[in-house]
Amino acid sequence: MPSTEPVAPSTTETTVSTTVPSGGTDKFSCKSVGRQPDPSQPDCTKYKYCLLTATNEFLEYTFYCPEGTYFDPTNFRCSISYNCPPPQTTISTKAAAEPTVATPFVCTTNGRYSNPLSTGCVAYIMCLVTATGDVLQYNFECPSGYRFNPTEAKCASDYVCV
């Protein structure tokens, strides 16, 4: 029988970006330090983590909860026992094309991998497994004029993206 105890938050990092200053157009903007619900995720599988730098700027990180857990906005952590409310459904009378949803890459082992959400082979994902078994995931972009070569697992100026 699965445990109903809360699970510690995942250490899998998926994106790193600086928040837009007040008045920006992003849906989420860090206003305080710590874990926050990700408003773009009605399924409660991701959350935001905000850090305040020495220069008084917020850094925003996006994390995934471990499989089978959901971000609990009351306790600010991923939990097995939290029941994520179902997203609200709206019915439209317009015919819409089926959206294509790219599956985010999830690290399982050390290495550098092509970012499946990137076009033009300019982005890659670095995965690190820590001594405690946590899996860290970082998104990077190659320098201008370079493309990520998945065979060599590095950015190269002579690589032709296929």
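The structure under discussion appears in the preceding block.
Worth saying up front: this structure is predicted, and the values here are computed from it rather than measured.

The rules behind the values
- Residues numbered from 1 in each chain as written.
- Predicted model: local features only at pLDDT ≥ 70, side-chain atom pairs only at ≥ 80, totals over all residues.
- Heavy atoms only, no water.
- Helix = DSSP H or I, 4+ residues; strand = E, 2+ residues; numbered from the N terminus.
- Buried < 20%, exposed > 50% of the residue type's maximum accessible area, 1.4 Å probe, protein only.
- Contact = heavy atoms within 4.5 Å.
- Pairing = 2+ DSSP bridges.
- Axes fitted to C-alpha atoms, helices over the stretch in contact; angles between N-to-C directions.
- Polar contact = N/O pair within 3.5 Å; in protein donor to acceptor, adjacent residues only side chain to side chain.
- Patch = residues over 30% accessible without salt bridge, like charges linked within 9 Å, V, L, I, M, F, W, Y side chains within 5 Å.
- Areas by Shrake-Rupley, 256 points an atom, 1.4 Å probe, with all protein chains shown as cover.
- Salt bridge = Lys/Arg side-chain N within 4 Å of Asp/Glu carboxyl O.
- Phe/Tyr/Trp six-rings, centres within 6.5 Å; stacked < 30°, edge-to-face > 60°.

Structural notes on the overall build of the protein chain
Counting its secondary structure elements, the protein chain contains zero helices and 11 strands. Tracing the protein chain from N to C terminus, the helices and strands come up as β-β-β-β-β-β-β-β-β-β-β. For the protein chain, the residues scored as buried account for 26% of the 162 residues in total. Looking at the protein chain alone, contacts between residues at least 24 apart form 44% of all its contacts between residues at least 6 apart.

Side note on the sheet that holds strand E9 (residues 135-141)
Strands sit in the order E7-E8-E9 across an open sheet of three strands; the sheet is antiparallel. Among the strands making up the open sheet, the edge pair consists of strand E7 (111-114) and E9. Strand after strand, the sheet turns through a mean of 25° between neighbouring axes, direction not considered. Looking at chain direction, E7 and strand E8 (residues 123-129) are connected through four bridges and run antiparallel. Each bridged residue has a counterpart across the sheet, and for serine 114 the counterpart in E8 is tyrosine 124.

Looking at the side chain of lysine 48
Along the chain, lysine 48 falls in strand E3 (residues 46-52). A residue is classified by how much of its surface remains accessible, and lysine 48, at 10% relative accessible area, is buried. Within polar-contact distance, the side chain of lysine 48 engages the side chain of threonine 62 at 2.9 Å. Not counting residues within four places of it along the chain, the set of residues in contact with lysine 48 comprises Phe28, Gly34, Arg35, Gln36, Pro37, Asp38, Glu60, Tyr61 and Thr62.

With respect to unusual backbone geometry
Of all residues except glycine, most have a negative phi; of all peptide bonds, most are trans. Backbone geometry places cysteine 121, a non-glycine residue, at a positive phi of 60°. Mapped onto the secondary structure, cysteine 121 falls in the loop between E7 and E8.

Quick look at a nonpolar patch on the surface
On the surface, Val33, Leu51 and Leu52 cluster together into a nonpolar patch covering about 230 Å² of accessible area. Here leucine 51 lies in strand E3. Residue classification places leucine 51 among the partly exposed residues on the basis of a relative accessible area of 32%.

Observations regarding the environment of phenylalanine 76
The topology assignment puts phenylalanine 76 in the loop between strand E5 (70-72) and strand E6 (77-79). The partly exposed category is assigned to phenylalanine 76, whose relative accessible area is 37%. For the pair formed by phenylalanine 76 and proline 37, sequence separation is 39 residues and the distance between their alpha carbons is 7.7 Å.

Points about the packing of aromatic side chains
Tallied over the entire structure, the rule returns seven aromatic pairs. On the basis of an interplanar angle of 15° and a centroid distance of 4.9 Å, the ring pair of tyrosine 124 and phenylalanine 148 is categorised as stacked. With tyrosine 124 in strand E8 and phenylalanine 148 in strand E10 (residues 147-149), the pair connects residues that are 24 residues apart, well separated along the chain. According to the relative accessible area criterion, tyrosine 124 is buried, its value standing at 13%.

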